[in-house]
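This is what each chain is made of:
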Amino acid sequence: MSEEKKPELSRRQFLKSVGAAAAVATVGGAAGLHKGHPETVGSPASVTPQGVGERTVSLNVNGEVHRLLLEPRMTLLDAIRDRLGLTGSKRVCDRGTCGACTVYLDGKPIYACLKLAVDCEGHKVETVESLAPDGKLNAVQQAFVNHDSLQCGFCTPGFVMCVNHLLKTNKSPSLADIKNACSGNVCRCGTYTRIFEAAESAAKAMREGA
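Report on the accompanying structure. (Residues numbered from 1 in each chain as written. Predicted model: local features only at pLDDT ≥ 70, side-chain atom pairs only at ≥ 80, totals over all residues. Heavy atoms only, no water.)

1. What to know about helix α5 (residues 156-169)
A rise of 1.5 Å per residue sets the reference length of α5, with its 14 residues, at 20 Å; its end C-alpha atoms lie 21 Å apart and thus fit the reference within 8%. Taking burial as the measure, the 14 residues of α5 include eleven buried ones, the bulk of the element. If you check which residues of α5 are buried, you get Thr156, Pro157, Gly158, Phe159, Val160, Met161, Cys162, Val163, Asn164, Leu166 and Leu167. (Helix = DSSP H or I, 4+ residues; strand = E, 2+ residues; numbered from the N terminus. Expected span 1.5 Å × (residues − 1). Buried < 20%, exposed > 50% of the residue type's maximum accessible area, 1.4 Å probe, protein only.)

2. Points about the side chain of Asn164
Assignment of secondary structure puts Asn164 in helix α5. The class for Asn164 is buried, based on a relative accessible area of 6%. Contacts of Asn164, omitting those with residues within four sequence positions, involve Tyr104, Leu131, Asn138 and Val140. (Contact = heavy atoms within 4.5 Å.)

3. Comments concerning the nonpolar core
One finds Val140, Phe144, Phe159, Val163 and Leu167 to be the most contacted residues of the largest nonpolar core, which totals 22 residues. Among the elements of the structure, α4 (139-146), α5 and α7 (192-207) are those that each provide at least two residues to this core. (Core = buried A, V, L, I, M, F, W, Y, C linked by side-chain atoms within 4.5 Å.)

4. Structural notes on the pattern of salt bridges
This model, assessed by the stated rule, comprises six salt bridges. The salt bridge involving Arg83 is made with Glu54; its shortest N-O contact spans 3.6 Å. Here the residue Arg83 occupies a position in helix α3 (residues 76-83), and Glu54 occupies one in the loop between α2 (38-41) and β1 (55-61), the gap between them amounting to 29 residues. Given the relative accessible area of 37%, Arg83 is considered partly exposed. (Salt bridge = Lys/Arg side-chain N within 4 Å of Asp/Glu carboxyl O.)

Read these as spatial facts, not as claims about activity.
Rendered as C-alpha cells:
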C-alpha cells in the first residue's frame, strides 16, 4: 500500500505568501520612484528655475544713458525706481488706471507701469525729477505748492507731469482743457479743484515769463 502524499502548501499559506510579496513590491517600487525621479518627489531645492534671464538694456533717462541688467519682464516704472533710485514716479495701482507713475516717453506722457523697460531702448525717458534738475521748482510745481494742491501727495507727480505737458503745447488752456489733460489721473483725496486752480495759475505765470 502506497503512502498518501500530503500537500506541501495549504491554501491559507499560499494567500499569506502572495500578500507579503505584494507588500514588498509596493515598498520597493516607492523607493525606486524617490531615488530614480528626484525631480518629481525630491526637495524644492532640486527644481531648476526656468525662464529668460537678465540682459543689458540701455536707458536714456533725464538725459543720462544708463546700462542696466534687467529681466525682459521688468516694467519701466520698476527700472527707474528700483534700479536708478528715481522715486518721484509713484507705484500705486500698478495697472495703468491712476496715473501716479506718469513719465514722458519721447516727450509724451505714458503710464510707466504699463511699459516694459526693454521697449524703451533708443527712446528718451523723462521723469518728474527732470522738471527741477537743479532743485528749483518750475512754474507748475511752484503753483501746486502755492495752491496747496495735494494731501497725501502720491498722485501729485503724475498730475504735475500732465499739467506741465499741457502747458508746453497750450499756453492758455480752458478749464475743460485742463480737466481733459488730467483725465487719466486719479486723486483719491479729492483735491481736484485745487489742482485745476494750480494749473490755471501756472499757465498765467508762464505767460508772464515765469
